[in-house]
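Next come the chains, spelled out residue by residue.
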Amino acid sequence: MAVEKVMVIGAGQMGAGIAQVFAQSGFQVKLNDIAEESLQKGLATIEKHLSRNVEKGRMDEADKTNTLNNLETTTSLNEANDCDLVIEAVVENMDVKTKVFQQLDQITPKHAILASNTSSLPITDIAAVTERPEQVIGMHFMNPVPVMKLVEVIRAIQTSDETYQTIAETAEKLNKTAVEVNDYPGFAANRVLMPMINEAVYAVFEGVAEPEAIDEVMKLGMNHPMGPLQLADFIGLDTCLYIMEVLHEGFGDSKYRPCPLLRKYVNAGWLGKKSGRGFYVYE
């Protein structure tokens, strides 16, 4: 199946980034959100990124114009009625996501693929609430979406080979690399990344070193472009805590227990860059 029309649900940082890369690659894109204000904010973010690309010579004005012409915004899920692919990028909450998928199952054409950008929730469970489980799949983009090359493609136990192949080929058209992953808690990316971040938080908690020192060790000693605590601030400490809880609950293994300091920061509202304070203080 050829994907031509796409809807992205959720106009936040991830959703706007996903919509941008699809529009840049020539797809017709509908960016959806329940709030018009969020849509306008997401569109402004896309325009800002495109303008920066023009300034840096990565694209010309014509490419920017074409990208924006490929985009439209809507607050109605019913607009998904002619889409070949819908990608959900709403809040990381299973109840919210399953309700969205149940609605999409009734609205979208029978051939449409329904994908989730979830970073940790089971695709198998999401697929099970639809009448087309073989056409449900995970497309976990990395942040920032326009820059990062990876798309973690997660197969539910119900996902068909045809659905996987269509999504892998679509990712290639976005100039991304699709990596096939099976449906386990945290998938591959966060199963490896989040325990490392959690261990870095434990190192602060236990007084091993200050956050700056831990990040410097990982950058200079392990050749990481960003230290784990700086990365945690960028991701959002609430998101990191949530994924650790998913891992801990999913595997029942104490090695995934969230560090008490991580929980304390989240309870204090110190969520990282988005709140102005996490392991570092931001203007």
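Residues numbered from 1 in each chain as written. Predicted model: local features only at pLDDT ≥ 70, side-chain atom pairs only at ≥ 80, totals over all residues. Heavy atoms only, no water.

Brief notes about helix H4 (residues 94-107)
Cut-off, in case you're wondering: Labels follow the DSSP assignment, with helices taken as runs of H or I lasting at least four residues and strands as runs of E lasting at least two, numbered in each case from the N terminus. To estimate how far a helix should reach, multiply one less than its number of residues by 1.5 Å. Exposure is judged per residue with a 1.4 Å probe applied to protein chains only, and the accessible area is read against the type maximum: over 50% gives exposed, under 20% gives buried, and values in between give partly exposed. Contacts were defined at the residue level, with two residues in contact if any of their heavy atoms lie within 4.5 Å. For the purposes of these results, a polar contact is taken to be a pair of N or O atoms within 3.5 Å, where, inside protein, one atom must be able to donate a hydrogen and its partner to accept one; residues adjacent in sequence count only when each atom of the pair is a side-chain atom.
Relative to the 20 Å expected for 14 residues at 1.5 Å per residue, H4 spans 20 Å between its end C-alpha atoms, a close match to the ideal helical length. Those residues of H4 that sit buried are Lys-97, Thr-98, Val-100, Phe-101, Leu-104, Asp-105 and Ile-107. At its buried positions, H4 is contacted by strand E1 (5-9), strand E4 (85-88), strand E5 (113-116), helix H5 (123-128) and strand E6 (136-141). Capping the start of H4 is the job of one residue whose side-chain oxygen sits 3.0 Å from the backbone nitrogen of Asp-95: Asn-93.

Observations regarding the UniProt feature "domain: 3-hydroxyacyl-CoA dehydrogenase NAD binding" (unreviewed entry) in the protein chain
In plain terms, the rule: UniProt positions are given in the numbering used here, feature names are shortened, and annotations may be inferred rather than shown by experiment.
Per the UniProt record, the feature "domain: 3-hydroxyacyl-CoA dehydrogenase NAD binding" (unreviewed entry) sits at residues 5-183. The annotated region residues 5-183 carries 41% helix and 22% strand content, and the separation between its end C-alpha atoms amounts to 26 Å.

Here we look at the domain arrangement of the protein chain
It is common to give the size of an interface as the accessible area that goes away when the parts come together. Put simply, the test is: An automatic or database domain assignment provides the domain bounds reported here. Defined in terms of a 1.4 Å probe, buried area is the accessible area two parts forfeit on being brought together, summed over both. Salt bridges are defined by distance alone: a side-chain nitrogen of Lys or Arg within 4 Å of a carboxyl oxygen of Asp or Glu.
When its domains are assigned, the protein chain resolves into domain 1 (5-182) and domain 2 (189-275). Between domain 1 and domain 2, the C-alpha centre-to-centre distance is 27 Å. Contacts between domain 1 and domain 2 engage 11 residues on the former and 6 residues on the latter. Around 620 Å² of area is buried between domain 1 and domain 2 when both sides are counted, 57% of it from carbon and sulfur atoms. Applying the counting criterion to the domain 1 and domain 2 interface returns 0 salt bridges.

Overview of the pattern of salt bridges
Side-chain pairs of opposite charge can arise whenever the charged atoms involved come near each other. Taken as a whole and assessed by the stated rule, the structure comprises 11 salt bridges. In this structure, Asp-82 and Lys-30 form a salt bridge, with 2.8 Å as the shortest nitrogen-oxygen distance. Of the two residues, Asp-82 sits in the loop between strand E3 (71-74) and E4 while Lys-30 sits in strand E2 (residues 28-32), which places them 52 residues apart along the sequence. Overall, the relative accessible area of 8% leaves Lys-30 in the buried class. In this structure, Asp-238 engages Lys-274 in a salt bridge whose closest nitrogen and oxygen atoms are separated by 2.9 Å.

With respect to the nonpolar core
Worth spelling out the cut-off: Here, nonpolar core refers to any group of buried Ala, Val, Leu, Ile, Met, Phe, Trp, Tyr and Cys residues whose side-chain atoms link them within 4.5 Å.
The biggest cluster of nonpolar side chains holds 36 residues, and the ones touching the most others in it are Phe-22, Leu-85, Ile-87 and Phe-141. With 7 residues, helix H1 (residues 13-24) is the single largest residue contributor to this core. Ignoring anything within four residues of it in the chain, the contact list for Ile-87 reads Val-6, Met-7, Val-8, Ile-9, Ile-18, Phe-22, Ala-115, Asn-117, Met-139 and Phe-141. Judged by nonpolar contacts, the second largest core, of 25 residues, contains Met-194, Leu-229, Ala-232 and Cys-259.

Overview of the sheet that holds E4
Formally: Strands qualify as paired when DSSP identifies two bridges or more between them. Helix axes are fitted only over the stretch in contact, all axes being lines through C-alpha atoms; the angle between N-to-C directions runs from 0 to 180 degrees.
Pairing is mixed across the open sheet formed by 8 strands, whose spatial order is E3-E2-E1-E4-E5-E6-E7-E8. Looking along the sheet, the strands with just one partner apiece sit at the ends: E3 and strand E8 (177-182). Adjacent strand axes in the sheet meet at a mean angle of 25 degrees, parallel and antiparallel pairs treated alike. Summarising the sheet, E4 and E5 pair through 4 bridges and their orientation is parallel. Bridging across to E5, Glu-88 finds its partner in Ser-116. Strand contacts of helix H6 (residues 161-173): E4, E5, E6, strand E7 (150-155) and E8, with the helix running at about 175 degrees to E7, the strand carrying the most contacts.

Observations concerning unusual backbone geometry
Cis geometry marks the peptide bond from Asn-143 to Pro-144; its omega dihedral reads 0 degrees. Summarising the element assignment, Pro-144 is placed in the loop between E6 and E7. One non-glycine residue, Phe-187, adopts positive backbone phi at about 55 degrees. Note that Phe-187 resides in the loop between E8 and helix H7 (189-205). Owing to a relative accessible area of 3%, Phe-187 belongs among the buried residues under this scheme. Not every positive phi belongs to a glycine, and Asn-223 is a case in point at roughly 65 degrees. Relative to the helices and strands, Asn-223 resides in the loop between helix H8 (211-221) and helix H9 (228-235).

Thoughts on the environment of Asn-32
Structurally, the position occupied by Asn-32 is in strand E2. Of the residues examined, Asn-32 reaches a relative accessible area of 3% and is grouped as buried. Expressed as a C-alpha distance, the spacing of Asn-32 and His-224, which sit 192 residues apart in the sequence, is 35 Å. Of note is the side chain of Asn-32, whose polar atom sits 3.3 Å from the backbone oxygen of Thr-74.

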